[in-house]
Amino acid sequence: FQRKMPTEEELTATIADLGAKIKAAKADKKPKEEWAPILNDMQAAKAKFKEVTGKDFGPPKEEEKKKKAPQQPQEASDKNKAKREAKAKAKAEKEAKKKAAQEERARLAKLKADRLAGVGATNFGDAPMVRSGEVTSKKWTMVGDLKPNLAGTEVLIRGHLQTARNVGKGAFVLVRSSLYSVQCVCFETKDGTISQAMVKYMAALPPESIVDVKGTLTVPDQPIEAATQKMVEIQVSEIHCISKAAVNMPFQMEDACRPDAFKETAYGAYTGEEEQKAADDGMPRVGQEMRLDYRWIDLRTPANQSIFRIESMVGQMFRESLLAKGFVEIHTPKLIGGASEGGSEVFTLDYFGRPACLAMSPQLHKQMTAACSGFEKVFETGPVFRAENSNTRRHLCEFTGLDLEMAIHEHYDEVLEVFSDMFIAMFDGINERCKNELERVREQHPFEDLKYLRPTLKITYAEGCKLLRDAGVDQGDLDDLSTENEKKLGDIVKEKYGTDFFFMDKYPLAVRPFYTMPDPNNKDLSNSYDFFIRGQEILSGAQRIHDPDLLIERAKAWEIPLEEISAYVDSFRNGAMPHGGGGIGLERVVMLFLDLPNIRKASWFPRDPKRLSP
């Protein structure tokens, strides 16, 4: 029995029915496993269709359509052909214009985006590291020299970016160099010279970064109160960052520059844990220990820049005054055997198996050079070390000593005259040469100008003690002065004599070093003296003993081992001139001249019992 072959129509109907079932299954989102058998049946039916008909199931291919399509006339009329060509040409031209317009819009959009992004701009950005690779012809201007007489000129400056802010389409920055600051501004321009990206870059630079700014100096309508150069500002054309600061600074420069919230005491203990009292303005301040922990940042404030320029001037005036009087500058060792002055408060160390210490002063060596070596008048500026566990506002373990020693002819008043002249010249020099610096200190640390007389006021120790007793203070003529009584005496002297600066003579012998010359008229007194500023000692000095036998006698009285000072005593055995001198604490002079509450404010990198860094 032979099975009947299905017809083309039957197969077409079967395939269509199977296709409809598959479509319905997919529409119902049935899993493929359910309708896969139907798909197999449909594929088998399509294969059977080709077997019966000799062709694939589906619509005819393009080639077959062309074969079956009725033949058109080979050519249209010339008129219709011309119309079609014109129409095609017009369409092509329209498409070309449309494409050209699109390309132009894209080009302009890219130019605008590039301009806003500063693509290709060379007038802003991070500069390459300065490595001394080349020298250019750039002309630099110091910020302090920016004044209205330079208006209209192009200037180039470098400094710390103190503040930066974005206002609309512009940026304002304050650039500080040394004691001076200037406002720099820029706004977006239509020609793209100053791009949006440049404005954003300028406003986003981290505070305290080092920047180079180039632009035209102009005179603003109103003074710029935030800057020292109030009457000018720079219209920025270029800005480049030379060294970028960390985003998270330990403290803000604005906080570190604010005026003191209150007047601190300059006396008493200092623990480093003192809290700042709340300021009336509610603005934050930076504490002393935080400042010292990051001293390299703290030193940038205008007040500190001024304090240490004044301190430099003190050293300069010290040298100028003494050199003018024929003194010679010396440099003595700071590593010595034993203690400088026979005391015990020294930093000891091992010197190749032998005990040694850091010098408490250049005392012994400056005496040798002035009295025993023929130089007669000497001075030194150098470090002094004191191993005193004194955590006060006026003591340091290392400070800078300004020391003087000179031969005398008849009386140690000759030394006192030199000191008086030197201090007056020093104070005059500061007031005349550091006017700007004094005002910058005063802005943050208000103080009254130092009052001093010409010549310097001199009182005896006994007179000073009497002034204290007359004011109701218990003070004996042979008792040492306490810090508190020194301060009270300073207040009394200022009220009575109108001076913050004076010196006191004829101290009790028992409170002075062993090498101090005793008073020839009173065995209880000595030829010694101290100078004071605002009730605090800044200089201690005396006529020295130049006779070796008397030196030994006094050393024994102090129970100083003679072997520790044998070289010192021996230096006077070969002829020694009568002489005297004194030692000054540089930091304390600056502290008291400016009426600062803490000597750490006048020390570059303070060393006290609790601080050994940075």
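Residues numbered from 1 in each chain as written. Predicted model: local features only at pLDDT ≥ 70, side-chain atom pairs only at ≥ 80, totals over all residues. Heavy atoms only, no water.

## Focus: the overall build of the protein
And then number 1: The secondary structure content of the protein amounts to 17 helices and 17 strands.
And then number 2: Relative to the compact-globule value of 25 Å for 614 residues, the protein shows a C-alpha radius of gyration of 46 Å, a clear excess of over 25%.
And then number 3: Along the longest, intermediate and shortest principal axes, the C-alpha atoms of the protein span 160 × 70 × 50 Å.
And then number 4: Taken across its 614 residues, the protein has 43% of its residues classed as buried.
And then number 5: Across the protein, the fraction of contacts at a sequence separation of at least 24, relative to all contacts at a separation of at least 6, is 69%.
And then number 6: Taken as a whole, the protein presents about 33,800 Å² of accessible surface, with 52% of it coming from carbon and sulfur.
And then number 7: If you average the places of the 90 positive and of the 95 negative side-chain charges in the protein, the two averages end up 16 Å apart. (Helix = DSSP H or I, 4+ residues; strand = E, 2+ residues; numbered from the N terminus. Rg over C-alpha atoms; globule rule 2.2 N^0.38 Å. Buried < 20%, exposed > 50% of the residue type's maximum accessible area, 1.4 Å probe, protein only. Contact = heavy atoms within 4.5 Å. Areas by Shrake-Rupley, 256 points an atom, 1.4 Å probe, with all protein chains shown as cover. Lys, Arg positive; Asp, Glu negative; His and termini not counted. Charge placed at Lys NZ, Arg CZ, Asp CG, Glu CD.)

## Some remarks on the side chain of R607
And then number 1: Tracing the sequence through the fold places R607 in the segment after α17 (586–593).
And then number 2: Summary of buried charges: R607 has no salt-bridge partner, and the nearest side chain of opposite charge, E398, is 5.2 Å away.
And then number 3: Aside from chain neighbours lying at most four places away, what touches R607 is L396, C397, E398, L612, S613 and P614. (Salt bridge = Lys/Arg side-chain N within 4 Å of Asp/Glu carboxyl O.)

## Here we look at unusual backbone geometry
And then number 1: Across the junction of R454 and P455, the peptide omega takes the value -5°, indicating a cis bond.
And then number 2: With an omega of 0°, the peptide bond between S613 and P614 qualifies as cis.
And then number 3: Mapped onto the secondary structure, P614 falls in the segment after α17.
And then number 4: In the Ramachandran plot, E559 falls in the positive-phi region, its phi being about 60° despite a non-glycine side chain.
And then number 5: Owing to a relative accessible area of 70%, E559 belongs among the exposed residues under this scheme.
And then number 6: Phi at D595 takes a positive value of approximately 55°, unusual for a residue other than glycine.
And then number 7: Note that D595 resides in the segment after α17.
And then number 8: Among the residues examined, D595 registers a relative accessible area of 24% and is labelled partly exposed.

## Quick look at helix α2 (residues 32–53)
Because each turn of an α-helix spans 3.6 residues, side chains separated by three or four positions end up pointing in the same direction.
And then number 1: The end-to-end C-alpha distance of α2 is 30 Å, a good match for the 32 Å that 22 residues give at a rise of 1.5 Å each.
And then number 2: Of all the residues in α2, the buried ones are W35, M42, A45 and F49.
And then number 3: Phi turns positive, to about 80°, at G54, one or two residues after α2. (Expected span 1.5 Å × (residues − 1).)

## Description of the domain arrangement of the protein
And then number 1: Along its sequence, the protein is organised into domain 1 (8–51), domain 2 (141–243) and domain 3 (304–601).
And then number 2: Between the C-alpha centres of domain 2 and domain 3 there is a distance of 48 Å.
And then number 3: On the domain 3 side, the residues contacting the four residues of domain 2 number six residues.
And then number 4: Along the contact surface separating domain 2 from domain 3 lie zero salt bridges.
And then number 5: Scanning the region where domain 2 abuts domain 3 turns up three residue pairs in polar contact (both at pLDDT 80 or more).
And then number 6: Of the residues that constitute the side of domain 2 that touches domain 3, the class distribution is two nonpolar, two polar and no charged. (Domains from an automatic or database assignment. Polar contact = N/O pair within 3.5 Å; in protein donor to acceptor, adjacent residues only side chain to side chain. Nonpolar A, V, L, I, M, F, W, Y, C, P; charged D, E, K, R; others polar.)

## Some remarks on the sheet that holds strand β7 (residues 328–329)
And then number 1: Spatial strand order, β7-β11-β12-β17-β16-β15-β14-β13: eight strands in an open sheet with mixed pairing. The sheet is open, and its two edges are formed by β7 and β13 (457–460), each paired on a single side.
And then number 2: Pairing analysis gives four bridges linking β13 to strand β14 (residues 501–505), with the strands arranged parallel. In the strand pairing of β14, I459 is matched with M504.
And then number 3: Sheet strands in contact with helix α10 (residues 363–372) are β11 (377–385), β12 (398–407) and β17 (579–585), and its direction is about 25° off that of β12. (Pairing = 2+ DSSP bridges. Axes fitted to C-alpha atoms, helices over the stretch in contact; angles between N-to-C directions.)

## Quick notes on the sheet that holds strand β9 (residues 348–351)
And then number 1: The strand order across the open sheet formed by three strands is β8-β10-β9, and the pairing between neighbours is antiparallel. A strand with exactly one partner marks an edge of an open sheet, and here the two such strands are β8 (335–336) and β9.
And then number 2: Pairing between β8 and strand β10 (residues 354–358): two bridges, direction antiparallel. Within β10, the position partnered with I336 by the bridge is C357.

## Structural notes on the packing of aromatic side chains
And then number 1: This model, assessed by the stated rule, comprises 24 aromatic pairs.
And then number 2: Both rings, one in F124 and one in Y201, keep their centres 5.5 Å apart while their planes meet at 55°; by these two values the pair is tilted. Taken together, the residues F124 in strand β1 (residues 124–126) and Y201 in helix α5 (residues 196–204) connect sequence positions 77 residues apart. Per residue, the accessibility class of F124 equals that of Y201, and both read buried.
And then number 3: Every member of this aromatic cluster is reached through a ring pair, and the members are Y412, F419, F423, F427, Y452, F501, F503, Y529, F531 and F593.
And then number 4: Above the plane of the ring of F172 lies R165, whose end atom (NZ or CZ) is 4.7 Å from the centre.
And then number 5: Sitting over the face of the ring of F447, R442 holds its NZ or CZ atom 4.3 Å from the ring centroid. (Phe/Tyr/Trp six-rings, centres within 6.5 Å; stacked < 30°, edge-to-face > 60°. Lys NZ or Arg CZ within 6 Å of the ring centre and 35° of its normal.)

## Side note on the nonpolar core
And then number 1: The biggest cluster of nonpolar side chains holds 55 residues, and the ones touching the most others in it are F419, F423, M426, I430, F531, I584 and L594.
And then number 2: When residues in this core are grouped by element, the largest group, ten residues, is from helix α11 (residues 413–433).
And then number 3: In this structure, L594 is in contact with I307, I310, L438, V441 and F447, ignoring residues within four places of it in sequence.
And then number 4: Counting residues in each nonpolar core, the second largest holds 28 residues, with M198, M202, L205 and I239 among its members. (Core = buried A, V, L, I, M, F, W, Y, C linked by side-chain atoms within 4.5 Å.)

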